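This is what each chain is made of:
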Amino acid sequence: MDEQLHERVREIVATVPPGTVTTYGDLAAIAGAPSPRLVGRILAEDGADLPWHRVLRADGTPAPQLAREQLELLRAEGVLAAGQRVDLRVHRWRA
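In this report, we go over the structure that sits alongside the text. Nothing here was measured: the structure is a model prediction, and the numbers come from that model.

In this fold, histidine 91 is placed in helix H5 (residues 88-91). Judged by relative accessible area, which is 13%, histidine 91 ranks as buried. The residues touching histidine 91, leaving out its near neighbours within four places in the chain, are Gly19, Thr20, Val21, Gly78, Val79, Leu80 and Val86.

What follows is the structure in structure tokens.
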């Protein structure tokens, strides 16, 4: 994997402010990554020290295996979900 891209993704995720969310696709576009899946892989492998919980799938939902923890962390920041979906029109971060 391209180390510069890896670090660029990490830097961008670190700047997502509390109370907002972004998507894997948004991050891929900003970082110049070839796919949202690559962003997800970077966060899965090297994102524990980042605000990973602020990154959602394109439909505003968390990854199923992270849903409970992710939605709790978001709720603590004032990001409320309807069921398991965050309204991206309200909470989406614009870089």
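This is not the end of the story, as more comes after the structure.
A word on the environment of arginine 37. Tracing the backbone shows arginine 37 in helix H3 (residues 36-46). Between the C-alpha atoms of arginine 37 and arginine 57, which are 20 residues apart in sequence, the distance is 10.0 Å.

A few words now on the packing of helix H1 (residues 3-14) against H3. Relative to each other, H1 and H3 sit at 80 degrees, their axes nearing to 10 Å. In terms of axis orientation, H1 runs roughly perpendicular to H3. Between H1 and H3, the residues in contact are Leu5, His6, Val9, Arg10 and Val13 and Leu38, Val39, Ile42, Leu43 and Asp46, respectively. When grouped by side-chain class, the residues that make up the contact of H1 with H3 number seven nonpolar, one polar and two charged.

Definitions and limits used
- Residues numbered from 1 in each chain as written.
- Predicted model: local features only at pLDDT ≥ 70, side-chain atom pairs only at ≥ 80, totals over all residues.
- Heavy atoms only, no water.
- Helix = DSSP H or I, 4+ residues; strand = E, 2+ residues; numbered from the N terminus.
- Buried < 20%, exposed > 50% of the residue type's maximum accessible area, 1.4 Å probe, protein only.
- Contact = heavy atoms within 4.5 Å.
- Axes fitted to C-alpha atoms, helices over the stretch in contact; angles between N-to-C directions.
- Parallel < 35°, antiparallel > 145°, perpendicular 65-115°, else oblique.
- Nonpolar A, V, L, I, M, F, W, Y, C, P; charged D, E, K, R; others polar.

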